[in-house]
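What follows is each chain in one-letter form.
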Amino acid sequence: MLAAAVLTSALVVAGCARDTGSPQQGGDAAGAECTRNAAPAAAGGAAATPAPVAPNSDASALKVGLAYDIGGRGDLSFNDSAAAGLEQAISDLGLQQANTRELAAAENESEDAAATRLRQLVADGFNPIIAVGFKYATATQTVATENPNVQFAIVDDATVELPNVTPLVFAEEQGSFLVGAAAAMKTQACHIGFVGGVETPLIQKFEAGYVAGARAVAPDIQVDVDYISPAGDFTGFNDAARGTEVARGQLDSGADIVYHAAGASGQGVFEAVNAANSPEAPKFAIGVDSDQYNTVEPPVNQVIMTSMIKSVDVAVFNYINAVAAGDTSVLPEAFDLSVDGVGYSTSGGMIDDITGDLDAYKAAIISGEIQVPSTP
């Protein structure tokens with residue numbers, strides 16, 4: 001059986017940076033040949049199936065509140081994907097625009113501020129309330145306990161175990177495995193990078209899957225890993241300038257493909273890759289959460305070869321639909337590859353030649369032939 005193992009080699013740590021490359025792969029690896037493994041044989045019967053949801057219901061009587069993570073609408077990534085789910089509920093379920101409210105978190109705000117935001121939505125009659133991001137876990141626990149008749153959902157957290165709270169969680173490591181495999185298939189330098197926004201267990205799931213996918217294809221590939229800010233400092237999700245700086249460091253060291261899981265800071269990663277790109281030495285980026293080829297303005301989007309799709313929009317829409325139907329039990333325990341909760345994009349046509357191999361890896365993950373690690 002194939003297995004994507006957690007790396008066991010020693011990590012060189014400098015601040016928030018790690019180099020997971022093997023010793024023979026240095027920063028001057030441009031043009032290096034990767035020894036690449038063949039994709040697994042397609043696993044029969046392991047195709048993804050649509051997430052089970054109730055039929056479209058009438059949500060016109062609902063008042064839906066969204067509490068966004070840092071950056072709010074306009075981050076071109078995580079929050080915007082949640083907003084897209086709300087907009088779909090308005091268009092498809094009869095939810096009234098006037099019966100929605102969207103609030104956003106501030107950088108490094110206190111837990112009290114997050115709880116106050118949720119209490120404000122409760123006081124104004126919103127039900128259900130969707131907390132977008134794991135940083136709302138403590139606030140959701142508190143406010144949902146205070147208001148047992150109000151329904152809550154929280155994206156990216158499953159620690160709040162209350163009957164009126166629904167976790168909307170994803171297998172980020174599985175989608176990241178696929179884009180890591182794509183990076184290893186496409187690199188000309190045998191050297192790629194990962195830029196995380198904040199060094200938290202959630203973002204480490206993206207890192208772990210990406211490195212595992214890259215090594216499943218090219219065991220000797222060098223993967224540079226950097227985080228914009230350490231755990232507890234959430235500015236790393238909304239600092240495009242630092243995103244540019246960190247990505248530029250990876251590119252200068254020889255990486256030719258950089259994947260970000262950094263929220264709005266990812267725009268800086270794209271800018272750095274675009275500035276370094278040239279016909280003689282092509283550089284590419286990998287987006288996250290939504291299809292960023294379609295959300296980032298040209299010409300910068302032309303360097304985004306794929307994105308790891310995390311269907312927050314689907315989860316938000318399905319949750320609103322399930323609440324309107326009166327049955328949230330139809331939602332999957334986790335939005336993973338088996339229900340197309342995560343995946344990869346093909347906009348721009350830059351990975352059209354390897355989608356067959358990527359789908360073979362996808363089938364092997366769904367079937368259990370490949371076990372993807374969720375920690376580095």
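Given the structure is predicted, the values throughout are model-derived calculations rather than measurements.

Draft legend 1. Looking closely at the confidence of the model for the protein. When pLDDT is averaged along the protein, the result is 90, and 88% of the positions lie at 70 or above. Low pLDDT, under 50, characterises residues 1-15; the predicted model gives this stretch 26 contacts beyond four residues in sequence or across chains. In this model, residues 21-31 is a region of pLDDT below 50 whose contacts with residues beyond four sequence positions or in other chains number 24 contacts.

Draft legend 2. Inspection of helix α2 (residues 111-123) at higher detail. Given a rise of 1.5 Å per residue, 13 residues ought to cover 18 Å, and the 18 Å separating the end C-alpha atoms of α2 matches this to within 8%. For α2, the set of buried residues is A114, A115, R117, L118, L121 and V122. Angular distribution of buried residues about the axis of α2 spans 155 degrees; they occupy a single face of the element. Of the exposed residues in α2, those oriented more than 90 degrees away from the buried face are D112 and A123. In the core, the buried residues of α2 are packed alongside β3 (64-68), β4 (100-104), β5 (129-132), α3 (137-146) and β6 (152-155). Phi for G125, located one or two positions after α2, is positive at around 90 degrees.

Draft legend 3. Structural context of the packing of helix α4 (residues 172-186) against helix α9 (residues 355-367). The contact between α4 and α9 brings their axes to 10 Å, and the two run at 150 degrees. In terms of orientation, α4 lies roughly antiparallel with respect to α9. The two elements α4 and α9 meet at a crossing, and its hand is right-handed. Between α4 and α9, the contacting residues are Q174, F177, L178, A181, A182 and M185 on the first element and D357, L358, Y361, K362 and I365 on the second. In terms of residue class, the contact of α4 with α9 is built from eight nonpolar, one polar and two charged.

Draft legend 4. How the structure looks around the sheet that holds β4. In spatial order, the strands read β4-β3-β5-β6-β7; together these five strands make up an open sheet with parallel pairing. Looking at strand neighbours, the two that pair on one side only are β4 and β7 (165-168), the edges of this open sheet. Averaged over all pairs of adjacent strands, the angle between their axes in this sheet comes to 15 degrees, without regard to strand direction. Bridge count between β3 and β4: five bridges; the pairing is parallel. Within β4, the position partnered with A67 by the bridge is L103. α3 contacts β5, β6 and β7 of the sheet and is inclined by roughly 170 degrees relative to β6.

Draft legend 5. Highlighting the state of the cysteines. Taken as a whole and judged by the stated rule, the model has one disulfide. Covalent S-S linkage joins C34 and C190, the inter-sulfur distance amounting to 2.0 Å. A torsion of 115 degrees about the S-S bond marks the disulfide between C34 and C190 as right-handed. Here C34 is found in the loop between β2 (17-19) and β3, whereas its partner C190 is found in the loop between α4 and β8 (191-198), with 156 residues between them in sequence. The class for C34 is buried, based on a relative accessible area of 9%.

Draft legend 6. Main features of the environment of D124. Along the chain, D124 falls in the loop between α2 and β5. Between the alpha carbons of D124 and R101 there is a distance of 9.7 Å; along the sequence they are 23 residues apart.

Draft legend 7. Molecular detail of the pairing of strand β12 (residues 304-310). Most of β12 sits out of view: six of its seven residues are buried. The pairing of strand β11 (residues 284-289) with β12 spans five bridges and is classified as parallel. Its bridge partner being in β12, D289 is matched across the sheet by I309. Sheet topology places β12 next to strand β13 (residues 342-344); three bridges connect them, and they run antiparallel. Bridge pairing links I309 to G343 in β13.

Definitions and limits used
Residues numbered from 1 in each chain as written. Predicted model: local features only at pLDDT ≥ 70, side-chain atom pairs only at ≥ 80, totals over all residues. Heavy atoms only, no water. pLDDT = per-residue confidence, 0-100. Contact = heavy atoms within 4.5 Å. Helix = DSSP H or I, 4+ residues; strand = E, 2+ residues; numbered from the N terminus. Expected span 1.5 Å × (residues − 1). Buried < 20%, exposed > 50% of the residue type's maximum accessible area, 1.4 Å probe, protein only. Arc of directions from axis to C-beta. Axes fitted to C-alpha atoms, helices over the stretch in contact; angles between N-to-C directions. Parallel < 35°, antiparallel > 145°, perpendicular 65-115°, else oblique. Left-handed = near helix turned anticlockwise from the far one by under 90°. Nonpolar A, V, L, I, M, F, W, Y, C, P; charged D, E, K, R; others polar. Pairing = 2+ DSSP bridges. Disulfide = S-S within 2.5 Å.

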